[in-house]
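Here is how the chains run, residue by residue.
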Amino acid sequence: MLTRKKIGDTTVLRKSKIAAAMLMATATAGVNAAFVNTDGTGQVALLPYYNVNNNILTNINITNTTDLYKVVKVRFRESRISADVLDFNIYMSPYDVWNGTIRLNAASGVANIITEDESCTFPDKALLQAGVDFRNIYDATTDEDLTEGYVEVIEMGTIADGAGPATDGGETAEIDGGAVDADGTITAATNDRSIPAGILHDATGMPADCSVVSDAWTAGAAGINGFTPGTMTTEGIAADANVADPYEAGGINAGLVYTAADRGGINAYAIMINAADGAAFVEQGTHIDAYATVPQHYRSNDPANYLLPSLSSGDVLTAEMLNADATAVKSTGVMSLTEYDTGSVNDITPNPSIPMGSNPFPIAVALSADAVAAPYFTEAGINGGTDIVVTFPMRKHGVYNGGILTNQLDATAAACVGTLNDGVDDGASVAIPNVGTTGNDYPNDGAGTICTNAGFASSTPDVQVSLTYYDYEEQTAAVVAGSDDFSPVPIDAPTVIALEREVNVISVQRNDGSSASVLGTPAANVFNWTLDPGFEAGWVMIGMSNYDYNTDTRIANLTEAAGGINAAGAGVFTGVPAIGFSAMAADVGPAQIGETVDLIRSVNRN
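Residues numbered from 1 in each chain as written. Predicted model: local features only at pLDDT ≥ 70, side-chain atom pairs only at ≥ 80, totals over all residues. Heavy atoms only, no water.

1. Describing the overall build of the protein
Scanning the protein from terminus to terminus reveals 6 helices and 37 strands. The globule rule puts the C-alpha radius of gyration for 606 residues at 25 Å, and the 24 Å found for the protein is close to it. Dimensions of the protein, computed from C-alpha atoms along their principal axes, come out at roughly 90 × 60 × 55 Å. Taking as baseline every contact in the protein between residues at least 6 positions apart, the subset at least 24 positions apart corresponds to 72%. Accessible surface computed for the protein: about 22,600 Å², of which carbon and sulfur atoms make up 54%. Positive and negative side-chain charges of the protein, numbering 25 and 72 respectively, have mean locations separated by a distance of 6 Å. (Helix = DSSP H or I, 4+ residues; strand = E, 2+ residues; numbered from the N terminus. Rg over C-alpha atoms; globule rule 2.2 N^0.38 Å. Contact = heavy atoms within 4.5 Å. Areas by Shrake-Rupley, 256 points an atom, 1.4 Å probe, with all protein chains shown as cover. Lys, Arg positive; Asp, Glu negative; His and termini not counted. Charge placed at Lys NZ, Arg CZ, Asp CG, Glu CD.)

Here is the structure:
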């Protein structure tokens with residue numbers, strides 16, 4: 001249940017600050033556990049929504065709040081199945097900010113991103129400065145699906161900066177002109193090029209030489225030089241032998257380091273602006289720290305690895321949150337991996353299923369809530385309107401996706417080898433068709449060949465939610481005279497609906513149907529919720545058919561361990577991973593104003 005705390009209760013504020021400090025202290029004391037960082041920075045930042053409908057532009061802002069050189073993956077996912085519709089890398093100098101604007105390309109009918117930012121990117125920033133359409137290459141998605149979606153921002157590592165603050169043993173990320181393998185020392189006589197010097201902005205605000213990024217990848221293709229990609233273990237998690245050596249033997253993540261002091265500090269937020277009426281909606285990111293202890297550096301045009309890093313590829317196997325009274329930390333202990341790499345059972349036809357990693361549960365648990373709540377405002381006299389955004393970012397990784405994993409999706413074809421929920425890892429390393437590389441932890445036929453008959457079959461619906469709403473008068477929380485119950489009392493019995501998309505927009509309608517949509521979600525994609533007569537403002541509880549991560553059969557079939565995530569920590573872990581906000585608008589004089597309120601989360605902290 002949702003709980004209320006008095007705004008003026010300084011005890012609560014003190015406890016929250018102390019508990020937040022406890023989470024940070026745990027993370028920095030060598031106990032690695034993913035957690036939501038309420039300070040507003042992290043290794044991962046999730047923006048629950050972008051939108052180009054209803055004359056709306058979405059401006060994305062990403063900040064490196066540290067004195068380090070950072071590499072960041074920016075990935076845009078559409079609203080139906082979370083398919084990757086565009087991603088690129090940003091190479092950020094200390095305290096750098098990158099921003100770009102997503103708009104509708106009227107000619108193509110899909111979202112398009114454009115920027116005037118000069119920070120170095122891969123592919124080259126000139127492409128983004130000219131504007132790039134989001135790509136609808138999938139059988140399951142429509143162009144309308146691409147007009148809305150959400151954004152993943154994932155730190156891939158820190159660039160070795162030699163004499164700078166990165167933990168790199170004094171070595172500098174470089175393109176060594178005198179040897180196939182770099183030594184981390186810039187030697188002018190052999191025309192060595194410093195990568196951090198190339199991406200550093202000068203007094204005019206321009207990087208010295210952004211070509212160093214593409215050239216570093218080219219050099220890395222010939223040896224342990226410049227940049228080289230990361231790697232995944234046979235179990236489907238990120239790996240690196242020495243996170244303090246940018247040019248270690250083996251050449252994994254060349255040019256990058258990632259000790260505890262080098263991680264995190266990325267902030268992201270967005271501003272949606274209605275270009276027709278001027279209403280603006282500020283969207284704060286959800287930030288996650290301690291999700292990975294190794295770099296995960298990949299080119300965006302790598303056909304075998306373009307979905308890495310992901311929310312399921314980190315190497316940390318534990319999650320933490322504050323306990324119920326904010327006096328201690330509640331930990332899952334080490335959790336199970338999934339039976340298979342979550343990318344291997346993610347249908348992105350016509351593309352083959354490529355790796356995304358086998359470790360979704362730390363982020364899933366950290367983001368889970370048993371219910372969420374949101375305000376609504378639809379007062380007719382001032383043209384009030386409300387759209388509620390609820391995004392489920394872990395569905396593509398098999399968590400809360402309306403299905404249950406099976407080894408025989410097509411009953412007329414042979415089943416993949418192995419038995420689910422038996423504690424035995426059936427994943428294997430196999431060749432991925434049409435990609436020319438090996439995928440680890442994939443379903444297989446027992447003879448070393450990929451099996452494509454594993455996937456998610458429809459199960460008892462886990463995407464159903466209930467809506468129970470209240471008006472403003474019930475906020476008094478007073479005992480009702482002559483009643484054996486307490487207020488607030490539900491205005492109506494819960495309405496059961498299904499939120500089947502990755503990004504769901506609930507448009508709140510006045511009873512007479514006169515409410516205008518705030519966000520302009522296409523009719524085929526929106527859920528219109530009509531209020532009872534007389535109700536125009538209040539708040540709504542969205543109850544979810546939540547998981548118990550240690551008993552739910554859908555989780556049990558997904559995990560490598562038998563029975564669920566096998567959380568060793570104290571307490572029960574329930575809920576579903578959900579993020580989002582309520583977007584409200586109203587007329588004030590000749591103008592319309594907009595406001596967003598983050599979803600109120602009911603989290604099981606016991």
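That covers the picture; the talk isn't over yet.
2. What to know about the pairing of strand 36 (residues 591-598)
Alignment of strand 35 (residues 579-588) against strand 36, held across 8 bridges, turns out to be antiparallel. Its bridge partner lying in strand 36, aspartate 587 is registered against glutamine 592. Taken together, strand 35 and the strand that follows it, strand 36, pair antiparallel across an intervening segment of 2 residues, in which glycine 589 is found at a positive phi of about 65 degrees. (Pairing = 2+ DSSP bridges.)

3. Describing the side chain of aspartate 441
Checked against the element boundaries, aspartate 441 lands in strand 26 (residues 437-442). Buried charged residue aspartate 441 carries no salt bridge. Nearest counter-charge: arginine 77, at 17 Å. Within the structure, aspartate 441 has its side chain in polar contact with the side chain of serine 358 (distance 2.8 Å). (Buried < 20%, exposed > 50% of the residue type's maximum accessible area, 1.4 Å probe, protein only. Salt bridge = Lys/Arg side-chain N within 4 Å of Asp/Glu carboxyl O. Polar contact = N/O pair within 3.5 Å; in protein donor to acceptor, adjacent residues only side chain to side chain.)

4. Here we look at the state of the cysteines
Taken as a whole, this structure holds 2 disulfides when the rule is applied. Here cysteine 120 is linked by a disulfide to cysteine 210, with a sulfur-sulfur distance of 2.0 Å. Handedness here is read from the sign of the S-S torsion; for cysteine 120 and cysteine 210, about -85 degrees, the answer is left-handed. Residue cysteine 120 is located in strand 8 (residues 120-122), and its partner cysteine 210 is located in the loop between helix 3 (195-199) and helix 4 (211-220); the two are separated by 90 residues in the primary sequence. Assigned by exposure class, cysteine 120 and cysteine 210 land together as buried. Between the sulfur atoms of cysteine 416 and its disulfide partner cysteine 451 the distance amounts to 2.0 Å. Torsion about the S-S bond of the cysteine 416 and cysteine 451 cystine: about -85 degrees, corresponding to left-handed handedness. Placement of the pair is cysteine 416 in the loop between strand 24 (403-406) and strand 25 (428-432) and cysteine 451 in the loop between strand 26 and strand 27 (455-458), with a sequence separation of 35 residues. (Disulfide = S-S within 2.5 Å.)

5. Considering the sheet that holds strand 34 (residues 574-577)
Taken in spatial order, the 3 strands make up an open sheet running 21-34-33, and their pairing is antiparallel. The open sheet has two edge strands with one neighbour each: strand 21 (368-369) and strand 33 (547-548). With 2 bridges connecting them, strand 33 and strand 34 associate as antiparallel partners. Across the sheet, residue tyrosine 547 finds its bridge partner in strand 34, namely glycine 575.

6. Brief notes about the pairing of strand 25
As paired strands, strand 25 and strand 26 are joined by 4 bridges and run antiparallel to one another. When the bridges of strand 26 are listed, isoleucine 432 appears paired with threonine 437. Linking two consecutive strands that pair antiparallel, namely strand 25 and strand 26, is a turn of 4 residues; a positive phi of about 65 degrees is found at asparagine 434 within it.

7. Some words on the environment of threonine 228
For threonine 228, the position within the fold is in the loop between helix 4 and strand 13 (231-232). It is 7.8 Å that separates the C-alpha atoms of threonine 228 and tyrosine 298, two residues lying 70 residues apart in sequence. Look past the residues within four positions of threonine 228 in its chain and what remains in contact with it is Trp217, Gly220, Gly223, Gly251, Ile252, Asn253, Ala254 and His297. A distance of 2.4 Å separates a polar atom in the side chain of threonine 228 from the backbone oxygen of glycine 251. Side-chain polar atoms of threonine 228 contact the backbone nitrogen of asparagine 253, separated by 3.5 Å.

By themselves, these figures tell us nothing about what the structure is for.
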